[in-house]
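# Inside the fold
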Amino acid sequence: MTDHPAMSLQPWLRMRTDQLIQFRWAEVIGALVIISAGDLLFSDALPMPVLIAIAAAMAVANAFFLAYGRRLSAQQGDDIRERYTWFANVQIATDLVALTLLLHFSGGIENPFYLFYIVHVAAASVLLPRRYSLLYAALATFLFSGLVMAEYYQWIPHVHLTGLVSPERYQRGLYVAVVLFAFGGTLFICAYIASAIAEMLVRREEELVRSNLSCEVRAGELATLNRRLAELDKARSQFIRLVTHELRAPVAAIQSYLRLILDGYVPQERQREIIEKSERRALEQLALISDLLDLARLQEGRKQEEQIEAVDVAQVLQGVTDLMQARAEEKDLLFSVQIEEGVPPVRANPEHVKQVWTNLISNAIKYTAPGGIVVVSLSQNPNYVVGIVRDTGIGMTPEQLQHLFEEFYRTEEAKAIERQGTGLGLTIVKRIVESYGGRIWAESEHGRGSKFSFALPKAA
Ligand code: ADP
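Below is a summary of the structure that appears in this document. Nothing here was measured: the structure is a model prediction, and the numbers come from that model. (Residues numbered from 1 in each chain as written. Predicted model: local features only at pLDDT ≥ 70, side-chain atom pairs only at ≥ 80, totals over all residues. Heavy atoms only, no water.)

### Observations regarding the overall build of the protein
The condition that has to hold: By definition, any uninterrupted DSSP run of H or I lasting at least four residues is a helix, any uninterrupted run of E lasting at least two residues is a strand, and each is numbered from the N terminus. As a reference, a globule follows 2.2 Å times the number of residues to the power 0.38, and the radius of gyration itself is taken over C-alpha atoms. The rule is simple: take the accessible area with a 1.4 Å probe, protein chains only, and divide by the maximum for that residue type; under 20% is buried, over 50% is exposed, in between is partly exposed. We call two residues in contact when some of their heavy atoms are within 4.5 Å. Exposure was quantified through the Shrake-Rupley algorithm and a 1.4 Å probe, taking into account, for residues, occlusion by the shown protein chains and nothing else.
When helices and strands are tallied, the protein shows twelve helices and seven strands. For 460 residues, the compact-globule estimate of 2.2 N^0.38 gives 23 Å, and the C-alpha radius of gyration of the protein, at 46 Å, exceeds that figure by more than 25%. In terms of overall dimensions, the protein has a C-alpha envelope of 140 × 60 × 40 Å along the principal axes. Going through the 460 residues of the protein one by one, you find that 40% of them count as buried. In the protein, once contacts between residues fewer than 6 apart in sequence are set aside, the share between residues at least 24 apart is 73%. Working note: accessible area of the protein is about 25,800 Å², and carbon and sulfur atoms make up 61% of it.

### Topic: the side chain of S195
Note the cut-off: Contacts described as polar in this section are N or O atom pairs within 3.5 Å, which, within protein, must combine one atom able to donate a hydrogen with one able to accept it, while residues neighboring in sequence count only if both atoms come from side chains.
Along the chain, S195 turns up in helix α6 (residues 173-262). Exposure remark for S195: the relative accessible area of 3% places this residue in the buried category. In this structure the side chain of S195 is engaged in a polar contact, spanning 3.1 Å, whose partner is the backbone oxygen of Y192. Ignoring anything within four residues of it in the chain, the contact list for S195 reads S125, R130 and S133.

### Observations concerning the packing of helix α9 (residues 350-366) against helix α12 (residues 425-435)
The condition that has to hold: For every element, the axis is a line fit to its C-alpha atoms; helices are fit only across the contacting stretch, and the angle between N-to-C directions ranges from 0 to 180 degrees. If you view the pair so one helix is near and one far, a crossing is left-handed when the near helix is turned anticlockwise from the far one by less than a right angle, and right-handed when it is turned clockwise. Asp, Glu, Lys and Arg are counted as charged, while Ala, Val, Leu, Ile, Met, Phe, Trp, Tyr, Cys and Pro are counted as nonpolar; the rest, among them Gly, fall into the polar class.
The contact between α9 and α12 brings their axes to 10 Å, and the two run at 140°. Helix-helix and strand crossings are classified by hand; for α9 and α12 the assignment is left-handed. Contact residues: α9 offers H352, Q355, V356, N359, L360 and N363, while α12 offers G425, L426, I428, V429, I432 and V433. The residue makeup of the contact of α9 with α12, split by class, is seven nonpolar, five polar and no charged.

### Describing α6
Structurally, the α-helix is built with 3.6 residues per turn, so residues lying three or four positions apart point the same way. For clarity, the cut-off: For a helix, the expected span equals 1.5 Å multiplied by the number of residues minus one.
With 90 residues, α6 should cover 134 Å at 1.5 Å per step; its first-to-last C-alpha distance of 129 Å lies within 8% of that length. After α6 finishes, the residue G264 shows a positive phi value of roughly 80°.

### Things to note about the site of the ligand
This is how it is decided: Whether a residue is near a molecule or strand depends on its heavy atoms: if one lies within 4 Å, it is near.
Close contacts around the ligand come from 21 residues, with N363, D391, R410, T411 and L426 the closest. Note that an oxygen atom of the ligand is positioned 2.7 Å from one of the side-chain N or O atoms of N363. The separation between an oxygen atom of the ligand and a polar main-chain atom of G425 is 3.2 Å. Put simply, the parts of the chain that give the shell around the ligand at least two residues each are α9, α12 and β7 (449-457). Per-element tally for the shell around the ligand: the top contributor is α9, with four residues. Looking at the shell around the ligand residue by residue, the classes come out as ten nonpolar, eight polar and three charged.

### Section: helix α8 (residues 313-330)
The line we're drawing: Bend, at a single residue, is the angle you get between axes fitted to the 7 residues ending at that residue and the 7 residues starting at it.
With 18 residues, α8 ought to run about 26 Å at 1.5 Å a step, and its terminal C-alpha atoms sit 26 Å apart, in line with that. Along α8, the largest kink reaches about 30° and is centred on L323. Taken residue by residue, α8 has V313, A314, V316, L317, V320, T321, M324 and A328 as its buried positions. Between the side-chain oxygen of the N-cap and the backbone nitrogen of A314 there are 3.1 Å, and the N-cap of α8 in question is D312. Phi for D332, located one or two positions after α8, is positive at around 60°.

### Observations regarding the side chain of Q91
Positionally, Q91 belongs in helix α3 (residues 80-104). Setting aside residues no more than four positions away along its own chain, Q91 makes contact with T17, L20, I21, R24 and F65.

### Quick word on the pattern of salt bridges
Operational definition: Note on definitions: salt bridges are taken to be side-chain nitrogens of Lys or Arg within 4 Å of carboxyl oxygens of Asp or Glu.
For the structure shown, the criterion picks out 17 salt bridges. Put simply, R259 and D263 hold a salt bridge, and the shortest N to O gap is 2.7 Å. We classify R259 as partly exposed; its relative accessible area is 40%. When the shortest N-O distance is used, the salt bridge between R448 and E445 registers 4.0 Å. For R448, a relative accessible area of 60% translates into the label exposed. One network of salt bridges, in which partners are shared, links R130, E199 and R203.

Quick look at the structure:
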């Protein structure tokens, strides 16, 4: 018997042991039937009380085996196989001894039921490793030969089955020798063949169990993937709902402005103002579409390799601050930029790096009230180039911080300050940074300010 996968071993052994016990109940009943028939056939030649006592002892032993089998099936441990093997050994050895006793009191060599040894040896071959089946063939041969020889030499009494064979047959040396030779030979051949077939079957069974197990593992993996797909699908539908909603709003506004003009509700002198409003909404729509396109491109994970190059983050920052300085001054903000010397380049698309800086700095300017401070800094640690944008603006609550990088998320305070905004900027920034193996995070205190930091891996 080769190794069973740990999970399947115990049920398999338990099933085989249970079969052995069930088989023994049938054997006890069979023995009683045969004994009774023998008693009738051989006109009281058989010592019935002794034979019935042996059958009863077998029944009692089997009850013990049943109880022990139940206990064993509840046990665990590495040596469970050994314990089951020993349990089967004890049972089969008991069967062989009981059969020998039954035979002794029911005619010895005269009783053709000595062939029953073959059944036990075959059972041992199926249940136990090969070496045991040969051992039981030897034990059965030894017990039966011992019985026949002991009766032959009259060390023990012989029960004669009157009328079945001639009374002196058990004394005929040649006959005894031929029977024992044929018996022993048959037993060993039977043990050999049965154990070979059993071994093959066990191997097949193990293969089946193993492939069943791997099927179960696969099924588990598939279920997880399925769940993940369902989640993704849900997120996608939600995203599409949000996008549609966001795209509709400006178009609906433009349409209602135009309708006002067309229906003649707007006096001539206010028409320009309404058209300008419409244009603003159209520009908002364009900004949103452009953000959505950016997001889609990032989502596809398609990094155009030809656009990736060693980017000097400090230089990109310098370019962005030139633009932002004016906006900060307009809002009367104190704007300062601190760039550490010798910050190495990162490998990225320069447009992406520019997008990161622009978004973070313009947010800081947008969400900081006049008179506030915005500080941008660039430094490095052993593996990363680190950018930080700090402001003394509206800040965020811990709850708001949790949703910060979600698509379309905008806080109520931000909406109050700046009506325009897609709520996609930070989602895009996070995707960009992560697509280059970097990380972005934010800290904030509601009403006091925020600090956005990102780290991009240094170019090798
Ligand atoms: P948008 O700026 O277009 O609203 P973002 O994705 O850039 O979109 O930002 C999402 C939200 O995160 C903002 O609406 C705002 O609520 C919050 N936020 C971003 N940056 C800051 C900041 N510096 N201070 C306070 N809140 C911020």
